[in-house]
Amino acid sequence: MEWLKELIHQLQPVDKNAPAFWHRYSTALKEQASGGTPLAEAEFVVFDTETTGLDQRRDKVLSMGAIKVRSLQVLVSDTFECLVQQEGAPSTKSAEVHGLLSKELEGGIAEQEAVEGFIDFIGNAILVGQHVAFDIAMVNQMLKRQGISGKLRNRSVDTAHLAIRLERRHADSHTLKTGEYSLDALCERYNLPSDDRHTASGDAFATALLLLKLLSLAKKRGIATVGELLKG
């Protein structure tokens, strides 16, 4: 019944007072790829956010990175990247992980500009990320702070969940080892470069390469369309 929920979302009227970027986004969603669309014809946006912490309600996005995948190719010339200005300096812990200092963030853009640019970039593409639900939730919080009542409604693919689905078709999920499906572990397993990790753009690029490996494996498993990819 997911298709029915999606249809209901698409038919919901857009607030007439919503900003132009949200109207553009709502219009784009009416032309999302159908379930029968071959994966080779689908457009994906692989993205990552670096944040001040893991609390979806209280923490904020420090940086965003996104890259498009179309025709089963990573489009290195079609990317979105930004640092997001903060009222206070990032915590020491987050600065250690992401390498972002308050001086660097001062050169970033306002959260409103960041989220508007991101929404325009993704359009109606399928969103992809490692533990993508967290990143989607963080973007939704950005939208909420900008007075947008709606949320992201793109279809999405979690690369960690997809890898588990493809690799462990008959295995008990309780046998998973800690860290076995982390981005670092998956990159190592699929012989992917892991340079520039722990930055939003670096993680997005690494995840895009991982997506191509997983889509190739999906093809061997008989998964050939958007609908087949998303139903798992």
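So, how was this worked out
Residues numbered from 1 in each chain as written. Predicted model: local features only at pLDDT ≥ 70, side-chain atom pairs only at ≥ 80, totals over all residues. Heavy atoms only, no water. Helix = DSSP H or I, 4+ residues; strand = E, 2+ residues; numbered from the N terminus. Buried < 20%, exposed > 50% of the residue type's maximum accessible area, 1.4 Å probe, protein only. Salt bridge = Lys/Arg side-chain N within 4 Å of Asp/Glu carboxyl O. Pairing = 2+ DSSP bridges. Axes fitted to C-alpha atoms, helices over the stretch in contact; angles between N-to-C directions. Core = buried A, V, L, I, M, F, W, Y, C linked by side-chain atoms within 4.5 Å. Contact = heavy atoms within 4.5 Å. Parallel < 35°, antiparallel > 145°, perpendicular 65-115°, else oblique. Left-handed = near helix turned anticlockwise from the far one by under 90°.

An unreviewed UniProt entry lists the protein under the name DNA polymerase III epsilon subunit, with Pontibacter virosus as the source organism.

(A) How the structure looks around unusual backbone geometry. Here the phi dihedral of Ser 71 falls at roughly 55°; this positive angle occurs in a residue that is not glycine. Inspection of the secondary structure puts Ser 71 in the loop between β2 (61-70) and β3 (73-83). With relative accessibility at 43%, the residue Ser 71 sits in the partly exposed group. Phi is positive for Leu 72, close to 60°, though the residue is something other than glycine. With respect to the helices and strands, the residue Leu 72 is situated in the loop between β2 and β3.

(B) Molecular detail of the pattern of salt bridges. Taken as a whole, this structure holds six salt bridges when the rule is applied. The shortest N-O distance in the salt bridge between Asp 120 and Arg 24 comes to 2.8 Å. You can see Asp 120 sitting in helix α5 (residues 111-122) and its partner Arg 24 sitting in helix α2 (residues 20-29), a full 96 residues away along the chain. Using a relative accessible area of 44% as the deciding quantity, one classes Arg 24 as partly exposed. Notably, a salt bridge pairs Arg 70 with Glu 43, separated by 2.6 Å at the nearest N-O pair. Of the two residues, Arg 70 sits in strand β2 while Glu 43 sits in strand β1 (residues 43-51), which places them 27 residues apart along the sequence. Arg 70 sits in the partly exposed class, given a relative accessible area of 32%.

(C) Representation of the sheet that holds strand β5 (residues 156-158) in the model. Taking strand neighbours across the sheet as the criterion, the five strands line up as β3-β2-β1-β4-β5 in an open arrangement whose pairing is mixed. Sheet topology places β3 and β5 at the edges, where each strand pairs with a single neighbour. Across the sheet, the mean angle from the axis of one strand to that of its neighbour is 25°, orientation sign disregarded.

(D) Representation of the pairing of β3 within the structure. Judged from the eight bridges that link them, β2 and β3 form a sheet pairing that is antiparallel. Bridging from a neighbouring strand, Met 64 pairs with Cys 82 of β3.

(E) Representation of the nonpolar core within the structure. Counting 31 residues, the largest nonpolar core has Phe 44 and Leu 229 as its most contacted members. With nine residues, the single largest contributor to this core is helix α9 (residues 200-220). Apart from residues no more than four positions distant in its own chain, Leu 229 is found in contact with Leu 39, Phe 44, Val 157, Leu 162, Arg 165, Leu 215 and Ile 223. In this structure, Trp 22, Val 61, Leu 143 and Leu 152 belong to the second largest nonpolar core, which totals 30 residues.

(F) Main features of the packing of helix α7 (residues 159-167) against α9. With their axes 10 Å apart at the nearest point, α7 and α9 run at an angle of 25° to one another. Between α7 and α9, the crossing angle belongs to the class labelled roughly parallel. In this structure, α7 crosses over α9, and the sense of that crossing is left-handed. Contact residues: α7 offers Thr 159, Leu 162, Ala 163, Leu 166 and Glu 167, while α9 offers Thr 207, Leu 210, Leu 214, Leu 217 and Ala 218.

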